Amino acid sequence: MTTATVTAPQSARAGDIDLLFLATALLATGVLIALVLLDHQPASAALIAGGFGLGVAFMWAEFSFTASWRRFLTRGDAGGLLGGLIVIAVAAVAIVPVAALVPKFGGAIAPLGPSLVVGAFTFGVGMQLANGCGSGTLYTAGGGSGRMLIALLFFIIGSVFGSLSLPAFLDLGGIDPVLASKYFGPWGGLTVTLASIVLAAAIVIAVARKRGGSIVPRTGMIIGGIAIGLLCIAVFAAGGHPWSVTFGFTVWGAKAATALGFDLSHATFWTWPGPKHALEGSILSDTSSLTDFGMIFGAMAAAAASRPFARTAWPPAKSLLATAVGGLLMGWGARLGFGCNIGAFVGGVSSGSLHGWIWFLAALPGCLIGIRLRPLFGLSKD
Amino acid sequence: MRLTYMVVIVLALAAVVFDHLSSPSSGRAVSPEDFIGACAPCGAPCPSAK
């Protein structure tokens, strides 16, 4: 699983339910939904609800990209990685054709170049040090892991630095997004996308067999993968774009920096129309922030419904240092790499965008480096 | 840790509510990709636009 301090909900006994935090999670979600409904934004309410569902699903399935990738790299176990591919395959069935055929819907695309590769590699290092990726940080922080609360804080800080670095990296060059549906049409693009996922799964299975690792995902991973894939489609339907996580972190950090007196409005990144609008507008007008909030409170509700919430002790200082460093690297890397496991990998591949696979291939070696660095902070390589 | 959590939740929720009430609303939630010229989820421009 993603961290050692969060465990998935098991069959709850009445005495195990943490009513205080369960009520807090439900109340906070209710407040956010009420605020957007008062603004006549039902789609925003749907995004919060979708995020809430994702938080519950991730928590229930103990869905973790970070641990899955680590187990594949260290032991050759492919089950978790294949669970991630299930999510992508399910989401792609709707996202590729709808993004190509229906106006106002679009896939997750991104340019190919040094920024993407450097960002994804850096993110890979960070996710192994922090012990959680974008979605993992959200749901474990929401689920009661104080360690991942620290990761989230430094993720946010790192992503603001990333927003300041991105324009310089884009100046290094690159090519425009490569989208399967653009070359093969909506249904041909879907076929190519699903074929690429099958090919990736075949390679992963072949590597696992050669290394003597397991190739069968846990039942929870399969059910959770399908549920998360369907929720990805729901978020896509409500927001018009695939689910993304980390842009919200960047906006939160930039708004906090602005409140502290830093003027980011002249930084190149924040002069682009999208980021400029997000910085100036309500935080509840940003789609990724809405699903992020929903996911945090969904995970909190799921955790509090099954056991006393956040009762574990704080981890050792070295572990917290790894978390902080990992969070910074993930934040910076996510901005340069156009997202995390969700926005870039899941969103990109399920949109039929080549950048998703490039992100994955660049993040894996970063994970290897991160795994080798873990013992320096008192963390195991497993 | 529970106290830390509760403080963080209350402060964060207060900040979100304050930000929402003090900022202009766009009428609907948007992503940076919704804006013309966006080439990535963060709204970065395409290399060919440079």
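Just so we're clear, the structure is a prediction, and the values are computed from it rather than from any experiment. (Residues numbered from 1 in each chain as written. Chains lettered and ligands numbered in written order. Predicted model: local features only at pLDDT ≥ 70, side-chain atom pairs only at ≥ 80, totals over all residues.)

A. Spatial organisation of the overall build of chain A. When its secondary structure is counted, chain A shows 15 helices and zero strands. Against the globule reference of 21 Å for 382 residues, chain A gives a C-alpha radius of gyration of 19 Å, in line with a compact fold. With the principal axes as the frame, chain A shows a C-alpha extent of 55 × 55 × 35 Å. By residue count, 61% of the 382 residues in chain A fall in the buried class. Considering only residue pairs separated by 6 or more positions, chain A has 85% of its internal contacts joining residues 24 or more positions apart. (Helix = DSSP H or I, 4+ residues; strand = E, 2+ residues; numbered from the N terminus. Rg over C-alpha atoms; globule rule 2.2 N^0.38 Å. Buried ≥ 20, exposed ≤ 12 C-beta atoms within 10 Å, placed from the backbone. Contact = placed C-beta atoms within 7 Å.)

B. Examining the interface of chain A and chain B more closely. With 53 residues of chain A in contact, the opposing surface of chain B contributes 34 residues. Contributing elements (two or more residues each) for the side of chain A that touches chain B: α1 (19-38), α2 (42-61), α7 (146-170), α10 (246-259), α11 (273-280), α12 (287-304) and α14 (341-350) of chain A. Broken down by element, the side of chain A that touches chain B gets its largest block of residues, five residues, from α11 of chain A.

C. Region of interest: the confidence of the model for chain A. Residues and elements named next belong to chain A. Considering every residue of chain A, the mean pLDDT works out to 94; 96% of them sit at 70 or more. Here helix α6 (residues 134-142) stands out as the least confident element of chain A, with mean pLDDT 94; helix α5 (residues 114-130) is the most confident, with 98. Across residues 1-5, where pLDDT falls below 50, the model places 20 contacts with residues more than four positions away in sequence or in other chains. (pLDDT = per-residue confidence, 0-100.)

D. View of the packing of α14 of chain A against helix α15 (residues 354-373) of chain A. Residues and elements named next belong to chain A. Two elements in contact, α14 and α15, have axes whose closest approach is 6 Å; the angle formed by their N-to-C orientations is 145°. Crossing angle aside, the handedness with which α14 passes α15 is left-handed. Two secondary-structure elements touch here, α14 through Ala-344, Phe-345, Gly-348 and Val-349 and α15 through His-355, Gly-356, Trp-357, Trp-359 and Phe-360. Grouping the amino acids of the contact of α14 with α15 by side-chain chemistry returns six nonpolar, three polar and no charged. (Axes fitted to C-alpha atoms, helices over the stretch in contact; angles between N-to-C directions. Left-handed = near helix turned anticlockwise from the far one by under 90°. Nonpolar A, V, L, I, M, F, W, Y, C, P; charged D, E, K, R; others polar.)

E. Just the environment of Gly-173 of chain A, in detail. Among the structural elements, Gly-173 of chain A can be located in the loop between α7 and α8 (180-211). In this structure the C-alpha to C-alpha distance between Gly-173 of chain A and Gly-113 of chain A, which are 60 residues apart in sequence, comes to 6.3 Å. Gly-173 of chain A has contacts with Gly-113 of chain A together with Pro-47 of chain B, leaving out every residue within four places of it along the chain.

F. Examining the environment of Pro-242 of chain A more closely. Residues and elements named next belong to chain A. By the secondary structure assignment, Pro-242 is in the loop between α9 (219-239) and α10. Between the C-alpha atoms of Pro-242 and Ala-195, which are 47 residues apart in sequence, the distance is 20 Å. Apart from the residues lying within four places of it in its own chain, the contact partners of Pro-242 are Ile-95, Gly-107, Ala-108, Cys-232, Phe-236, Gly-347, Ser-350 and Ser-351.

G. Region of the structure containing unusual backbone geometry. All names here are of chain A. With a phi angle near 75°, Lys-104 is a residue other than glycine that sits in the positive phi range. Topologically, Lys-104 is positioned in the loop between α4 (79-101) and α5. Here Lys-104 falls in the exposed class, since 7 other C-beta atoms lie within 10 Å of it. The backbone of Ala-310 shows a phi angle near 50°, a positive value even though the residue is not glycine. With respect to the element layout, Ala-310 can be found in the loop between α12 and α13 (317-336).

H. A look at the nonpolar core. Residue and element names in this part refer to chain A. In this structure, Ala-91 and Cys-232 are the most contacted members of the largest nonpolar core, which totals 137 residues. Among the elements that line this core, the one with the most residues is α4, at 13 residues. Beyond its immediate chain neighbours, meaning those up to four positions away, Cys-232 contacts Val-87, Ala-91, Pro-242, Trp-243, Val-346 and Ser-350. (Core = buried A, V, L, I, M, F, W, Y, C linked by C-beta atoms within 7 Å.)

I. Local environment of α10 of chain A. Residues and elements named next belong to chain A. Between its terminal C-alpha atoms α10 stretches 20 Å, which fits the 20 Å expected from 14 residues at 1.5 Å a residue. Burial within α10 is extensive, with 10 of its 14 residues counted as buried. For α10, the set of buried residues is Thr-246, Phe-247, Gly-248, Phe-249, Thr-250, Val-251, Trp-252, Gly-253, Ala-254 and Lys-255. (Expected span 1.5 Å × (residues − 1).)

J. Fine view of the environment of Leu-27 of chain A. Residues and elements named next belong to chain A. Within the secondary structure, Leu-27 is located in helix α1. Of the residues examined, Leu-27 has 13 C-beta atoms within 10 Å and is grouped as partly exposed. When the C-alpha positions of Leu-27 and Phe-297 are compared, they lie 9.3 Å apart, and in sequence the two are 270 residues distant.

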